[in-house]
Amino acid sequence: MNATEATGGTFHELVGDLDYSMFVVTTTVGSEPAGCLVGFASQTSIDPPRFLVCLSRNNRTYRVARSADLLAVHFVPRQAEWLAALFGGRSGDDVDKFSRCAWHPGPGGVPVIEACDNWFAGRVLDRVDLGDHVGFLLEPVEAHRGHRGPQFEFHRAKRIEPGHPA
Ligand SMILES: Cc1cc2nc3c(=O)[nH]c(=O)nc-3n(C[C@H](O)[C@H](O)[C@H](O)COP(=O)(O)O)c2cc1C
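What counts, and at which threshold
- Numbering of residues starts from 1 in each chain and follows the order in which that chain's sequence is written.
- With the structure being a predicted model, the display of local features is reserved for residues of pLDDT at least 70 and the display and counting of side-chain atom pairs for 80 or more, all residues being used for whole-chain, interface and lining totals.
- Secondary structure elements are taken from DSSP: a helix is a run of H or I of four residues or more, a strand is a run of E of two residues or more, and numbering for both begins at the N terminus.
- Using C-alpha atoms as the atom set, the radius of gyration is obtained and then compared with a globule rule of 2.2 Å times the number of residues to the power 0.38.
- Any residue with 12 or fewer other C-beta atoms within 10 Å of its own C-beta is exposed, any with 20 or more is buried, and the rest are partly exposed; the C-beta atoms used are placed from the backbone.
- Here, residues touch in the contact sense if the C-beta positions derived from the backbone fall within 7 Å of one another.
- Using the backbone to place each C-beta atom, any residue with that atom within 6 Å of a molecule or strand is considered near it.
- Note on residue categories: nonpolar means Ala, Val, Leu, Ile, Met, Phe, Trp, Tyr, Cys or Pro, charged means Asp, Glu, Lys or Arg, and polar means any other residue, Gly included.
- Core membership is restricted to buried Ala, Val, Leu, Ile, Met, Phe, Trp, Tyr and Cys residues, and these are joined into a nonpolar core through C-beta atoms within 7 Å.
- Between any two strands, at least two bridges found by DSSP are needed for them to pair.
- Fitting a line to C-alpha atoms yields each axis, with helices limited to the stretch in contact; the angle taken between N-to-C directions then spans 0 to 180 degrees.

(A) Quick peek at the overall build of the protein. Scanning the protein from terminus to terminus reveals 4 helices and 9 strands. Reading the protein from its N terminus to its C terminus gives the helix and strand order α-β-β-β-β-α-β-α-β-β-β-β-α. Over its C-alpha atoms the protein spans a radius of gyration of 16 Å, differing by no more than 12% from the 15 Å that the globule rule assigns to 166 residues. If you line up the protein on its principal axes, its C-alpha atoms span 50 × 35 × 30 Å. By residue count, 32% of the 166 residues in the protein fall in the buried class. Within the protein, contacts between residues separated by at least 24 positions form 69% of all contacts whose residues are at least 6 apart in sequence.

(B) Molecular detail of the site of the ligand. As a matter of local geometry, the ligand sits amid 25 residues, with Asn59, Thr61, Ser91, Gly92 and Gly163 nearest to it. Counting residues per element, the ones that place at least two in the shell around the ligand are β2 (32–38), β4 (50–56), α2 (60–65) and α4 (154–157). No other element matches β2, which puts 4 residues into the shell around the ligand. Along the lines of polarity and charge, the residues of the shell around the ligand split into 11 nonpolar, 10 polar and 4 charged.

(C) Just the nonpolar core, in detail. Formed by 38 residues in total, the largest nonpolar core has its most connected members in Phe23, Val24, Val25, Val53, Leu71, Val76 and Ala84. Here this core takes 5 residues from strand β5 (residues 70–75), the largest share from any one element. The contacts of Val25, once residues within four sequence positions are left out, are Gly35, Cys36, Val38, Val53, Thr61, Leu71, Ala72 and Val73.

(D) Just the pairing of β2, in detail. Most of β2 sits inside the fold, with 6 of its 7 residues counted as buried. The antiparallel pairing of strand β1 (residues 23–29) with β2 creates a hairpin that spans 2 residues between the two strands, and Gly30 there sits at a positive phi of about 65°.

(E) Spotlight on the sheet that holds β5. Taken together, the 7 strands give an open sheet; going across it, the order is β2-β1-β5-β8-β9-β4-β3, and neighbouring strands pair in antiparallel fashion. The strands lining the two open edges of the sheet, one partner per strand, are β2 and β3 (41–45). Each strand axis lies, on average, 35° off the axis of its neighbour in the sheet, ignoring direction. Strand direction decides the pairing type here: β5 and strand β8 (residues 119–129), joined by 5 bridges, are antiparallel. For Val73, the partnering residue across the bridge sits in β8 and is Phe120.

(F) Fine view of the pairing of β8. Relative to strand β9 (residues 133–144), β8 is paired through 10 bridges, and the arrangement is antiparallel. The residue bridging Ala121 from the neighbouring strand is Glu142, located in β9. Where β8 folds back onto β9 in an antiparallel hairpin, the turn is made up of 3 residues, including Gly131, whose phi is positive at roughly 120°.

(G) Molecular detail of unusual backbone geometry. In this structure, Pro48 follows Asp47 across a cis peptide bond, with omega equal to 10°. Positionally, Pro48 belongs in the loop between β3 and β4.

(H) Expanded view of the environment of Gly39. Locating Gly39 in the fold gives a position in the loop between β2 and β3. Measuring from C-alpha to C-alpha, the distance between Gly39 and Tyr20 comes to 7.4 Å, with 19 residues separating the pair along the chain. If sequence neighbours within four positions are ignored, Gly39 has contacts with Tyr20, Met22, Phe154 and Ala157.

(I) Spotlight on helix α3 (residues 81–89). For α3, the complete set of buried residues consists of Leu83, Ala84, Leu86, Phe87 and Gly88. Buried residues along α3 sit against β1, β2 and α4.

By themselves, these figures tell us nothing about what the structure is for.
This is the structure in structure tokens:
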């Protein structure tokens, strides 16, 4: 193993120990809804409010989001492991995830998942090449706050096998 491989291995161990909240990100173009579980996401600015969501180029959600104007970012409640498994463990290329959960069209028709009462819709301001993921920089245009319970976190999501290889 050379120095670069060793550094890469240690880097993956370091970031694998991090813990952070998981999100379900949905979008639509026309009548084609898409959505997946996302861990690579962060607020990037307070004023103006900005949030970055990173989508893998392998995912169906990315392919739909490439031409979408809006994304909805859902905060996954800790008890909703089934939702994380549906959106993280299955691909819309293989199953219709939206026939397996209750949802309704939100702003611009973007799917709003009813199991998540904390969510916001964001307008896509920019798409940034970040490696094997593409960053979608969002400007929140509508936000809803419901329960204040704990979030579903990465250490719980790690046992889900991604529906698409990363
Ligand atoms: C713990 C975990 C974290 C994930 N983080 C991301 C992520 O940040 N971005 C992403 O695009 N996919 C991420 N995924 C993978 C997708 O959620 C998964 O491949 C999904 O099945 C893709 O569905 P789609 O093809 O319908 O878009 C993650 C999966 C898991 C289990």
